[in-house]
Amino acid sequence: MSNDQSQSEKAYGRLHRRLFEGKAAIFAIATTVAISVGGVVEIIPMFSTSSLSWERAGWVTPYAPLEVAGRDIYIREGCYLCHSQMVRPMRAEMLRYGEWTRAAEYQYDRPFLLGSRRLGPDLQRVGQKYPDAWHYEHMRDPRATSPGSVMPTYPWLHRDKIDPADVTASMAALAKLGTPYTTTEEGAVTARLRSDGQMIVDNLAQAGITAAWDDEIVALIAYLQRLGVEGRQHLATQGGGQ
Amino acid sequence: MEKTTTGTVAAGTDVGYDLDIVKMFFTATVVWALVGMLVGVIIALQLAWWPANLGLPWTTFGRLRPLHTNAVIFAFGGNVVFTGIYHSTQRLLRTRMFSDTLSRVHFWGWQSIIVLAAVTLPLGMTQSKEYAELIWPIDVLITVVWVVFGVNFFGTLARRKVQHLYVAIWFYMSFVITIAVLHIVNSLAVPATWFRSYPVYSGLTDALVQWWYGHNAVGFFLTTPFLGLMYYYLPRAAERPVYSYRLSIIHFWALVFLYIWAGPHHLLYSALPDWAQTLGMVFSVMLIAPSWGGMLNGLLTLRGAWDRVRTDPILKFMVVAVSFYGMSTFEGPMMSIRAVNGLAHYTNWVIGHVHSGALGWVGMISFGMLYWMVQNIWKRPLAHPTWASHHFWLATIGIVLYTVSMWAAGLMEGLQWRALNDAGQLANPIFVDITARLNPFLWIRLLGGAMYLTGAVMMAVNFWQTIRGPERPAAEPVPVAAD
Ligand code: HEM
Ligand code: HEM
């Protein structure tokens, strides 16, 4: 290193040393400030009242109890590690999956499930794409419906049961966070679980499949069948928008 | 100036320091490295051959993948960083750790978090946010253990015997502070049961907070503390002063300031407001400068020692590590450019990028440090010096197979997903047709990962036999292993 380089290095270093390096507390505070600026600038505006509207729209309804149960199963099994839920505004992507995903469609998503991998196809608009029986078969043996698929089998979903008390606890926590549920009373939640589940059970019966309203697979089907549907309907009538 | 900077590096004796805690973290590091990488190999097999999911809830990819990421990042990565911090901080500040009790609470607290993770994740208990999956009671425990670590670390700073804080210490400080901030903000949630909670943020705001966390978990868990390790152990192993003190000042402040802004590069083409996406992209591209500043400072420290690099496996590990750091921090900013991300996002390319950073940088710098440390702490020569070289080659070839196969697979699927035919329709309308074409690459990746794991097993056996071997007289200088 040349001589004047090391001269300037000395001056520079002396300043840094005097300001920070002898004083751990000041160094720590300076570091805290340095690492905070970016987060404050990017995240805080998301909560300001004028910004909140970018994520909100009346054409999206909260998840029904059975869908909440299905979503919890989707999280438990880590489906989001292979399937994204975000259609990007690109031509090929919209041909494959449908309209690109709007912010408001996620407004009741806690946690968000955008995913960052596509080991399987995007699911953000999978709702109503296939009959209920297709999903029932697909989760039991993915290769029966999609030859060549690499997805694991999930036979336990057809055996295990959802617990209405557990779903009620989830609903109560979501309501506390502001999801507009009219009731989170266990009896009412159970009744709704049963009636929504029965509709899927009836659909499955038409395909010759016997299931019960509280089978985990039924809840998962309820969740999958609503994905992206409200958005698709809204965008078809409004012709786009934010 | 340089003389004094590195004068602190060339530290003297370990008398009065707590080396037992270093040995404890060292042992935990090696054990968890093997576990985490073994799970990596298992999930790599599952992706190449689906029957390896076994049809059981606890062994499917969706439940084991978070186990892999948590094990390699927080169990292996965490313990290796703590090993280095507990060792080098005492030497750099010429004082014993603030409290032996806090050191042990930190150690056992951290290991119990890992064990809880290994139990809960296969059971499907997860919050689903990547690298922040653990359920809320474990999150609370993490917070407590982190505070214990923070008090112990800053307590040691407060009673240091040297005024001056060496550059490694700056990086450690940024690690302790930033991880605390990230963890608390990203984990805020309302519990529904003991095992389940829902975040206070929703939708894209939740996604933004998560990727602010996620990217900076990379930045402040897998980068800054490892740069701190580089700044201490590379000059020690090379017996050369750090190249430029001034460069370390500039690149430290630029790195910690810029990193935080880059999170939105994980949400490009989402419905997140454009200004936020643009900020994420611009700051990511700028990040290349401080990252390469660190790489150059590391590589140039070896000036005049290149002859030793050819023969000394420790230096070989470190040189490859710093080179992969440079490579992945070049690739990352490129992938943050919107158009490039449009192709790379969702594909195996991202997995290739992750592992060039993880296997190349984090893994290799750790191995270099561990080989140096086992001889210095236990004061014994390596039981099998040649094995260290074999490990080096297995790991290096393994990384190349891993990353090259993933780049190829990623480009291929990215292009085939978007390909249109003359009629303007999708050229590959069936998704699984594309997946099937990727299969050979997934087997090559598995081979690369298995080689990497084999090298790590050799290292563990080597350490075991070294530690059980005869001690050398303490006065003897510690030679660096040569093959
Ligand atoms: C024997 C070595 C390893 C093998 C075979 C391996 C294999 C894998 C596989 C198969 C995946 C899932 C990829 C996918 O979703 O397509 C993965 C993900 C991941 N691995 Fe590894 N891994 C290894 C070592 C490591 C190490 C040492 C680290 C970190 C220090 C690491 C960090 C990660 C991370 C962060 C992810 C998630 C990436 C993402 O979400 O984009 N891995 N690994
Ligand atoms: C200047 C430095 C870097 C920049 C700007 C950067 C940028 C990026 C970008 C653009 C992605 C892809 C996001 C997506 O499309 O999904 C990504 C993913 C990732 N990078 Fe980097 N990268 C950098 C360095 C590193 C290093 C050194 C490591 C590891 C030690 C690393 C680990 C990861 C991981 C784990 C992911 C996957 C995250 C996930 O999807 O789960 N990055 N990075």
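Computed from a predicted model, the values in this text were never measured in an experiment. (Residues numbered from 1 in each chain as written. Chains lettered and ligands numbered in written order. Predicted model: local features only at pLDDT ≥ 70, side-chain atom pairs only at ≥ 80, totals over all residues. Heavy atoms only, no water.)

Asker: What is the right way to read the site of ligand 2 from this model?
Answerer: Taken together, 24 residues lie around ligand 2, and Glu 130, Tyr 131, Asn 341, His 345 and His 353 of chain B are the ones closest in. More than one chain reaches ligand 2: the nearby residues come from chains A and B. Here an oxygen atom of ligand 2 sits 2.6 Å away from a polar atom, N or O, in the side chain of His 345 of chain B. If one sorts the elements of the shell around ligand 2 by residue count, helix H13 (residues 313–335) of chain B sits on top with five residues. Looking at the shell around ligand 2 residue by residue, the class counts come to 10 nonpolar, 13 polar and one charged. (Near = heavy atom within 4 Å. Polar contact = N/O pair within 3.5 Å; in protein donor to acceptor, adjacent residues only side chain to side chain. Helix = DSSP H or I, 4+ residues; strand = E, 2+ residues; numbered from the N terminus. Nonpolar A, V, L, I, M, F, W, Y, C, P; charged D, E, K, R; others polar.)

Asker: Explain the site of ligand 1 to me, please; I cannot follow it from the model alone.
Answerer: In the region of ligand 1, 27 residues are neighbours, and Arg 117 of chain A together with Arg 65, His 68, Glu 130 and His 355 of chain B sit closest. Mapping the residues adjacent to ligand 1 onto the chains of the assembly identifies chains A and B. The separation between an oxygen atom of ligand 1 and a polar side-chain atom of Tyr 131 of chain B is 3.3 Å. At the level of elements, helix H2 (19–48), helix H3 (61–93), helix H15 (348–377) and helix H17 (431–468) of chain B are the ones that each hand at least two residues to the shell around ligand 1. When residues of the shell around ligand 1 are assigned to their parent elements, the largest contribution, eight residues, is made by H15 of chain B. Within the shell around ligand 1, the residues separate by chemical class into 17 nonpolar, six polar and four charged.

Asker: Quick question: what am I supposed to make of the coordination of the iron atom of ligand 1 here?
Answerer: Angles at a metal have ideal values that depend on geometry: 109.5 degrees with four tetrahedral donors, 90 or 180 degrees with six octahedral donors. Residue and element names in this part refer to chain B. Binding of the iron atom of ligand 1 to the protein goes through His 68 (NE2) and His 355 (NE2), at separations of 2.0 Å. Coordination at the iron atom of ligand 1 comes from six donor atoms whose angles at the metal span 87 to 179 degrees, giving a geometry best classed as octahedral. Pair noted here: His 68 is in helix H3 and His 355 is in helix H15, with a separation of 287 residues, a long-range link. A residue is classified by how much of its surface remains accessible, and His 68, at 12% relative accessible area, is buried. (Donors = N, O, S within 2.8 Å, 3.2 Å for Na, K, Ca; no water. Tetrahedral: all angles 85-135°; square planar, octahedral: opposite > 155°, others 65-115°. Buried < 20%, exposed > 50% of the residue type's maximum accessible area, 1.4 Å probe, protein only.)

Asker: I tried to follow the confidence of the model for chain A on my own but got confused; where do I start?
Answerer: Keep in mind that low pLDDT regions are not for reading the predicted coordinates in detail. Here chain A shows a mean pLDDT of 91. Residues at 70 or above account for 92%. Long-range and interchain partners of residues 1–5 of chain A, a stretch whose pLDDT sits below 50, account for four contacts in this model, where long-range means more than four residues apart. (pLDDT = per-residue confidence, 0-100. Contact = heavy atoms within 4.5 Å.)

Asker: Mind showing me how you'd approach the domain arrangement of chain A here?
Answerer: You'll often see interface size given as the accessible area lost when the parts meet. By the assigned domains, chain A splits into domain 1 (3–47) and domain 2 (55–237). One C-alpha centre belongs to domain 1 of chain A, the other to domain 2 of chain A; they are set 48 Å apart. (Domains from an automatic or database assignment.)

Asker: Explanation requested: the interface of chain A and chain B in the structure shown.
Answerer: At the junction of the two partners, chain A supplies 90 residues and chain B supplies 102 residues. Around 8,100 Å² of area is buried between chain A and chain B when both sides are counted, 66% of it from carbon and sulfur atoms. Here chain A and chain B share three salt bridges between them. When the shortest N-O distance is used, the salt bridge between Arg 196 of chain B and Asp 72 of chain A registers 3.6 Å. Inspection of the chain A/chain B interface yields 22 residue pairs in polar contact (both at pLDDT 80 or more). Among the residues forming the side of chain A that touches chain B, the class breakdown is 47 nonpolar, 19 polar and 24 charged. (Buried area = accessible area lost by both parts, 1.4 Å probe. Salt bridge = Lys/Arg side-chain N within 4 Å of Asp/Glu carboxyl O.)

Asker: What is the right way to read the coordination of the iron atom of ligand 2 from this model?
Answerer: Among protein atoms, the single one acting as a donor to the iron atom of ligand 2 is His 353 of chain B (NE2), 2.1 Å away. Topologically, His 353 of chain B is positioned in helix H15.

Asker: In this structure, what is going on with the pattern of salt bridges? I would like to understand it.
Answerer: It is possible for side chains of opposite charge to pair when their charged atoms get near one another. Applying the stated criterion across every chain, the model contains 24 salt bridges over all chains. As a salt-bridge pair, Arg 63 of chain B and Glu 77 of chain A come within 2.7 Å of each other at their nearest N and O atoms. Residue Arg 63 of chain B is located in helix H3, and its partner Glu 77 of chain A is located in the loop between helix H4 (65–76) and helix H5 (91–97); the two belong to separate chains. One exposure class covers both Arg 63 of chain B and Glu 77 of chain A, and it is buried. In this structure, Arg 88 of chain A and Glu 93 of chain A form a salt bridge, with 3.0 Å as the shortest nitrogen-oxygen distance. A single burial state applies to Arg 88 of chain A and to Glu 93 of chain A, both of which are buried.

Asker: Just to check I follow, could you spell out the nonpolar core for this structure?
Answerer: Nonpolar side chains in soluble globular proteins generally cluster together in the buried interior. Within the largest apolar cluster, 172 residues are counted, with the highest numbers of intra-cluster contacts made by Phe 175, Trp 361 and Met 364 of chain B. The element contributing the most residues to this core is H2 of chain B, with 16 residues. Those residues in contact with Met 364 of chain B that sit more than four places away from it in its chain are Phe 317, Val 320, Ala 321, Leu 359, Phe 392, Ala 395, Thr 396, Ile 399 and Tyr 452 of chain B. Among the nonpolar cores identified, the runner-up in size contains 49 residues, and Met 151, Leu 157, Met 171 and Leu 193 of chain A belong to it. (Core = buried A, V, L, I, M, F, W, Y, C linked by side-chain atoms within 4.5 Å.)

Asker: Before we go on, may I ask you to explain H17 of chain B in this structure?
Answerer: Because an α-helix packs 3.6 residues into every turn, residues spaced three or four apart end up facing the same way. For H17 of chain B, spanning 38 residues, the distance from its first C-alpha to its last is 54 Å, which sits close to the expected 56 Å at 1.5 Å a residue. The largest bend along H17 of chain B reaches roughly 40 degrees and is located at Asn 439 of chain B, with the proline Pro 440 of chain B sitting one to four residues downstream. (Expected span 1.5 Å × (residues − 1). Bend = angle between axes of the 7 residues up to and from the residue.)

Asker: What exactly am I supposed to notice about the environment of Trp 372 of chain B here?
Answerer: All names here are of chain B. Structurally, Trp 372 is set in helix H15. For the pair Trp 372 and Trp 49, spaced 323 residues apart in sequence, the C-alpha separation works out to 39 Å. Beyond its immediate chain neighbours, meaning those up to four positions away, Trp 372 contacts His 87, Arg 91, Tyr 233, Arg 236, Ala 237 and Ile 314.

Asker: Just to check I follow, could you spell out the side chain of Gln 375 of chain B for this structure?
Answerer: Within the element layout of this structure, Gln 375 of chain B appears in helix H15. Polar contacts involving the side chain of Gln 375 of chain B include one to the main-chain carbonyl oxygen of Tyr 371 of chain B, which spans 3.0 Å.

Asker: Looking at this structure, how should I read the side chain of Asp 109 of chain A?
Answerer: In this structure, Asp 109 of chain A sits in the loop between H5 and helix H6 (132–140). Once residues within four sequence positions are removed from consideration, Asp 109 of chain A is found in contact with Tyr 63 and Arg 71 of chain A together with Tyr 201, Ser 202 and Gly 203 of chain B.

Asker: When you look at the packing of H2 of chain B against H15 of chain B in this model, what are you seeing that I'm missing?
Answerer: Residue and element names in this part refer to chain B. It is the contact of H2 with H15, at a shortest axis distance of 12 Å, that shows an interaxial angle of 140 degrees. Considering the relative orientation of H2 and H15, their crossing is left-handed. Together, Leu 19, Val 22, Lys 23, Phe 26, Thr 29 and Met 37 of H2 and Phe 367, Leu 370, Met 373, Val 374 and Ile 377 of H15 make up the contact between the two elements. Here the contact of H2 with H15 is composed, by residue class, of nine nonpolar, one polar and one charged. (Axes fitted to C-alpha atoms, helices over the stretch in contact; angles between N-to-C directions. Left-handed = near helix turned anticlockwise from the far one by under 90°.)

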